[in-house]
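Observations on chain architecture
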Amino acid sequence: DPTWPAATDEMEEIVYQLQGFKGRLFNDIITPCNNEAAGPGRVTASEWLRVGFHDMATHNRVFKTGGLDASLQFELTNGENTGPGHNTTLKFYSNYYSSQSSMSDLIAAGVYASVRSCGGPIIPLRLGRKDATSSGSTGVPQPQNSAETFRQQFDRMGFSTEEMIQVTACGHTLGGVHTEEFPEIVPPGTGTNGQKPLDITDAVFDNKVVTEYVSGTTQNPLVVGPAVALNRHSDFKVYNIDRNATMNGLTSAETFKNVCRTVLQKMIDTVPSGVTLTDPIAPYAVKPVDMQLTLNSGGSSFLLTGYIRVRTTNRASGDIKNVKMTWKDRNGGCASGSCSYTAAVQGAGTGFDDTFEFFPISTNIPTSSGISSFTVTVNLNDGTSESYDNNGNSYPLSDAVILQKPQSCLLQSSGSLTVSALVRNDITATPSLGISYLTPRGVVRNGNPVPILSSTSVAMTKGDCIGPYTFYSVSYTIAGGLSYAAKLSVTAGSNTDSFNKASDLAGSCATFSGTASCTTPGSGGGGGNDPDASSTVVAPSSTVEPEPSSTSSIVKVPSSSTDAEPSTTASSSSAAEPTATGPVRKQTVAGYTRLRCATEGSGVRALTGASFAYDTMTLESCASNCTGFIYFGTEYSRECFCGNSLASSSQEAPDSECNMLCAGDPTQYCGAGNRLELYWKPELATATSSAAQPTATLSRKETVGDYDFVGCQTEATEGGRALEGKFWADDGMTLEGCAEACEGWEYFGAEYGRECFCGNTLRGGSAPAPLNDCGMTCAGNQYQYCGAGNRLELYRLASASSGSSSKVKRGSRGRRL
Ligand code: HEM
């Protein structure tokens, strides 16, 4: 078993913990192998495999540049990487992209997963790839190249002639050639759904690509057909280079599988210099998952939560009776006298080749004695048991630094994050919060769908001492709309509580209540060690938002205890209503007029033009940042947003809700959490556009051309797509474009941002879905909705709907289809 924790833990989960309880669903769109997530004629698993090759294919073995490094994301429009498959694949992987899972490791994992999902071999998966930050050289083999050029290109990649033939055959057992990308090889109308398969089983990882070729029955469009006359029959040129000797050696299914395991591993292990790959990963026999300490109210005990995941692949089902966790306290003993917890199974999950059971942990641990590590005993129904001690190390679980989730919160609409942490009083280092976060590329250049991964570290401010711990906290705004994907680490000296998911945080921070008196660990705990001891509510807070300090972004955990650091300026309670000397609501600021206190949009920002966040925020400085924009608004004391339009879902809110003072001027109001102190210059609206009313806001379109909006609709469950008439996909997709393409059809539907389907009927199993499911914006118009994965933004001809018995009223969201 690997030793826990390891740098590969997140990838281990993504790759093995696929479905069922705590499933990461990485295989969702490639299972079954013939799934066509991006539309008919597009076998998703084959697209994943091809992505691996195209990313690797620019490797130079002499200079040790390129290889599997995710540089493909910057190369999507260089002419070598045609077709939408690369884009949709990288977009899917982006859901898993983090500081612990590089895009290039995800591409390699995608090769492993697609091959496995299609019945191919288990490719050993090493990890540790690093992502390129810009495009690399060109050099992906193209069908028109000569046999000698192919040989040279693969030699540059580090592949012998034999390996070139093998790896190409292993790749071309899946998928096909598309008319959209290679109309000269597959002329329009000659394929099925615009695709011609490379062998007759284009969604099975078998050696038909070889046997059909060797027997002369192949219909592979890169061997026979129009490509021959055009000299684009690249598979023939490659396979025939050694007079078919290598191909003849692959006619045994077993040999093919083994050879493909070897050459595909070589393909994904081809990396630039500076990368050292780990040993191949394997699923843990026993793995702690999501272990977390949380200080209970009162402050004298922790709640330890998480799961022990046990691999059950080689066990008879129901084999395990329960799992016992036994821990050591901070000093290596068991001062509290009770240091174990036994759990029964809660859920089961599966991977391609594995099964797991999960045993939930939920137990209290006194803060006076704490925890340092644990071991696991798996008790079997036959009366025997197995001990797991993490290869002799015990499973480490430090209580030195703890991210305290109930007092941490994330407002996803604005990205406003507050993190509270507890640091044990014997740790002298001041903690800092590390935030690793994704932001969408502002300007999408060359179709790169992968968000930017950044990290930042912010110092935390000291709060109250509770028992042997001291609170620290900090607030920060994660701009860009992907705050839920952030990972949070609190570090003090060599102690850290790392890789906590921001998505686990609630939208509002709860107030901590506890009176355990301040102690130093090891002193025997002092007072307040009884978990049920008095838990006087110290600072009942009526607001859900943490209260802002007027001088900085720091939010102190509310407390009345005497050793609290003095608050420097205006107290939070004075924020609510202006007094003679207190804050006032300014009606005009630098030529802008106050409009109202406004909410953010639902799921979108109210103002999307530009944004700023800093600790010296004033209305004047925000207005100055927003010069030229029709609107500006301040939020959450230190944030500033500009825009020429206001999201239609932004609502007026009572002024009393815009009650936070500006971080840089406590005599002014600067909104609140999810509340904008909104100003505008209406004359700019008439100058820049004919209407003062905002025009460009993300909203549902009730009508598009001759079509009425029907609703959000699932795909069909009965063999095929909900709409079967016509399909196309494009990075410039808009609702108008889709409507136009579907002229003459009764329905059109936009899906996954960039796909368009037409049809006269809806296939069985397609059903109305909640509107919120259809949350993807159109690739060609950010202000329109274009469905989502497996969800159609569905429209129907107005004439058809009003004429038929099952009326869909114009503009209604009728579900009556
Ligand atoms: C001389 C080398 C190669 C050439 C010239 C070549 C060329 C092509 C072409 C023209 C297509 C059609 C793409 C489309 O229309 O979507 C294709 C598809 C494909 N290639 Fe290759 N290829 C080569 C080697 C490889 C290798 C080494 C692999 C992976 C190990 C690979 C994996 C694939 C896959 C999986 C598809 C199907 C994609 C789909 O269905 O969307 N190819 N290849």
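First, a word on what this report is: a plain description of the structure on this page.

Looking at the state of the cysteines
- Using the criterion set out here, one finds 13 disulfides in the structure.
- One disulfide in the model links Cys 170 with Cys 260; its S-S distance is 2.0 Å. With the S-S bond torsion at -90 degrees, the cross-link from Cys 170 to Cys 260 turns out left-handed. A residue pair is termed long-range when its members are at least 10 positions apart, and Cys 170 in helix H6 (residues 161-171) and Cys 260 in helix H11 (residues 253-268) qualify at 90 residues. There is no split in this pair, since Cys 170 and Cys 260 are both buried.

A closer look at the packing of aromatic side chains
- In this structure the tally under the stated criterion is 25 aromatic pairs.
- Judged by centre distance (5.1 Å) and plane angle (85 degrees), the ring pair of Phe 26 and Tyr 96 falls under edge-to-face. One end of the pair, Phe 26, is in the loop between strand S1 (19-20) and helix H2 (44-56); the other, Tyr 96, is in the loop between helix H3 (85-94) and helix H4 (103-117), with 70 residues separating them in the sequence. For the pair shown, Phe 26 and Tyr 96 are each scored as buried.
- Seen from their ring centres, Phe 205 and Phe 256 are 5.9 Å apart, and the 40 degrees between their planes marks the pair as tilted. Taken together, the residues Phe 205 in the loop between strand S3 (195-197) and helix H7 (208-215) and Phe 256 in helix H11 connect sequence positions 51 residues apart. Comparing Phe 205 with Phe 256, the two get one shared label, buried.

So, the site of the ligand
- Neighbouring residues of the ligand: 25 residues in total, closest Ser 46, His 172, Gly 176, His 178 and Glu 181.
- Here His 172 contributes a side-chain N or O atom positioned 2.8 Å from a nitrogen atom of the ligand.
- Elements represented by at least two residues in the shell around the ligand include exactly H2, helix H5 (147-157), H6, strand S2 (176-178), helix H9 (234-239) and H11.
- With four residues, the single largest contributor to the shell around the ligand is H2.
- Grouping the amino acids of the shell around the ligand by side-chain chemistry returns 13 nonpolar, nine polar and three charged.

Comments concerning H3
- Taken across its 10 residues, H3 has nine buried, putting it largely inside the fold.
- Among the residues of H3, those classed as buried are Gly 85, His 86, Asn 87, Thr 88, Thr 89, Leu 90, Phe 92, Tyr 93 and Ser 94.
- The inward-facing, buried residues of H3 abut H2, H4 and strand S15 (432-439).

Thoughts on the packing of H2 against H3
- Put simply, H2 and H3 touch, their axes get as near as 9 Å, and they point 95 degrees apart. Our classification of the angle between H2 and H3 gives roughly perpendicular. Contacts between H2 and H3 involve Glu 47, Trp 48, Arg 50, Val 51 and His 54 on the former and, on the latter, Gly 85, His 86, Thr 88, Thr 89, Leu 90, Phe 92 and Tyr 93.
- Its residues placed into classes, the contact of H2 with H3 shows five nonpolar, five polar and two charged.

Definitions and limits used
Residues numbered from 1 in each chain as written. Predicted model: local features only at pLDDT ≥ 70, side-chain atom pairs only at ≥ 80, totals over all residues. Heavy atoms only, no water. Disulfide = S-S within 2.5 Å. Helix = DSSP H or I, 4+ residues; strand = E, 2+ residues; numbered from the N terminus. Buried < 20%, exposed > 50% of the residue type's maximum accessible area, 1.4 Å probe, protein only. Phe/Tyr/Trp six-rings, centres within 6.5 Å; stacked < 30°, edge-to-face > 60°. Near = heavy atom within 4 Å. Polar contact = N/O pair within 3.5 Å; in protein donor to acceptor, adjacent residues only side chain to side chain. Nonpolar A, V, L, I, M, F, W, Y, C, P; charged D, E, K, R; others polar. Contact = heavy atoms within 4.5 Å. Axes fitted to C-alpha atoms, helices over the stretch in contact; angles between N-to-C directions. Parallel < 35°, antiparallel > 145°, perpendicular 65-115°, else oblique.

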